[in-house]
Amino acid sequence: MAIVIEKYSADHLETCVSVLADAFVTNPLHVSAFGSQRIDQNRLFFRIGLRRMFIGPAFVALEDGTVRGYMHCNASPYCLPPPEEIPTAVATLLKPLGAAIPRVIQWFAKWCHLDPDEPHVHLGPIAVAPEAQGKGIGTALMNRYIEHLKQERAAGYLETDRPENVEFYKKFGFIVQREEQLIGTPTWYMWRPQDK
Ligand SMILES: CC(C)(COP(=O)(O)OP(=O)(O)OC[C@H]1O[C@@H](n2cnc3c(N)ncnc32)[C@H](O)[C@@H]1OP(=O)(O)O)[C@@H](O)C(=O)NCCC(=O)NCCS
């Protein structure tokens, strides 16, 4: 199996919508915000994300030429909007999400509020298609992100809602900074110091 990491281009938009929605549909924050098995809501969310919100460097992982994974990162301080802009930003950008909007506002307001003042390159989203997980594709995408951190001489930061992901990220030098409930689910905030 040959895994190739290359820059994301809009040609991959619909494939990446599928990869992201399929990968995240069972993540606790997504279930809490959108409901169980809401692949439709997750697809809407990620289509808007890919078109309008994920504006930093982004990469895809190709396995034998097929997109299996996606990774986006963005440099602070513009990695997330200021907390006071969240209600308007969510209600306009993410209007199609309808009933999920109040929870999505709570979710992103918290993430914006906790976003570190210290300069960093914020990771997320990162996802591998469920049928392609456990084969090293996530690791290949993480290695590309770490390479970017080294090039930029930057610290890394991320949020996650799965305990197994916490262990995954620790392998790349991340440490847990904070753990707390968010819209009814445990969430971990992780930091990777800049390499010396
Ligand atoms: C997290 C994710 C990107 C990892 O991608 P992946 O291609 O499965 O990762 P890899 O195959 O490179 O696995 C790397 C290691 O982490 C472990 N691991 C990764 N995800 C795991 C999971 N969900 N459960 C248990 N172990 C996991 C693997 O066992 C492997 O360990 P090893 O190196 O000791 O064998 C992928 O599981 C995913 O898309 N998850 C759903 C979306 C998500 O949670 N994204 C991250 C949000 S913060």
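See above for the structure.
Just so it is clear, the model here is predicted, and its values are computed rather than measured.

Asker: Could you give me a rundown of the sheet that holds strand E3 (residues 66-75), with the residues and numbers involved?
Answerer: Ordered in space as E1-E2-E3-E4-E5-E7-E6, the 7 strands form an open sheet in which the pairing is mixed. One side of each edge strand has no neighbouring strand; the edge strands of this open sheet are strand E1 (3-7) and strand E6 (175-182). Direction aside, neighbouring strands of the sheet carry axes that sit 25° apart on average. As defined by bridge partners, strand E5 (residues 156-160) adjoins strand E7 (residues 185-192) across 5 bridges and the pair is classed as antiparallel. Paired with Glu159 across the strands is Tyr189, a residue of E7. Running over the sheet, helix H1 (residues 13-24) touches strand E2 (58-63), E3 and strand E4 (121-128) and is turned about 85° from E4.

Asker: Residue-level account of the pattern of salt bridges, with values.
Answerer: Counted according to the given criterion, the structure contains 13 salt bridges. Among the salt bridges present, the one from Glu14 reaches Arg47, with a minimum N-O distance of 2.9 Å. In this pair, Glu14 sits in helix H1 while Arg47 sits in helix H3 (residues 39-53), placing the two residues 33 residues apart along the sequence. The salt bridge involving Arg178 is made with Glu180; its shortest N-O contact spans 2.7 Å. Given a relative accessible area of 37%, Arg178 falls into the partly exposed group.

Asker: Can you explain the nonpolar core? Please cite residues and give values.
Answerer: Among the nonpolar cores identified, the biggest contains 66 residues, and Leu50, Tyr70, Val104, Trp107 and Tyr145 are the most heavily contacted of them. By residue number, the principal contributor to this core is H1, which donates 8 residues. Setting aside chain neighbours within four positions, we find Leu50 in contact with Tyr8, Leu13, Cys16, Val17, Leu20 and Tyr70.

Asker: Please provide a residue-by-residue account of the pairing of E7, values included.
Answerer: Taking burial as the measure, the 8 residues of E7 include 7 buried ones, the bulk of the element. By the bridge criterion, 7 bridges tie E6 to E7 in an arrangement that is antiparallel. If you follow Glu179 over to E7, its bridge partner there is Trp188. Counted between consecutive antiparallel strands, the loop separating E6 from E7 contains 2 residues, among which Ile183 sits at a positive phi close to 35°.

Reading the values: the criteria
Residues numbered from 1 in each chain as written. Predicted model: local features only at pLDDT ≥ 70, side-chain atom pairs only at ≥ 80, totals over all residues. Heavy atoms only, no water. Pairing = 2+ DSSP bridges. Helix = DSSP H or I, 4+ residues; strand = E, 2+ residues; numbered from the N terminus. Axes fitted to C-alpha atoms, helices over the stretch in contact; angles between N-to-C directions. Contact = heavy atoms within 4.5 Å. Salt bridge = Lys/Arg side-chain N within 4 Å of Asp/Glu carboxyl O. Buried < 20%, exposed > 50% of the residue type's maximum accessible area, 1.4 Å probe, protein only. Core = buried A, V, L, I, M, F, W, Y, C linked by side-chain atoms within 4.5 Å.

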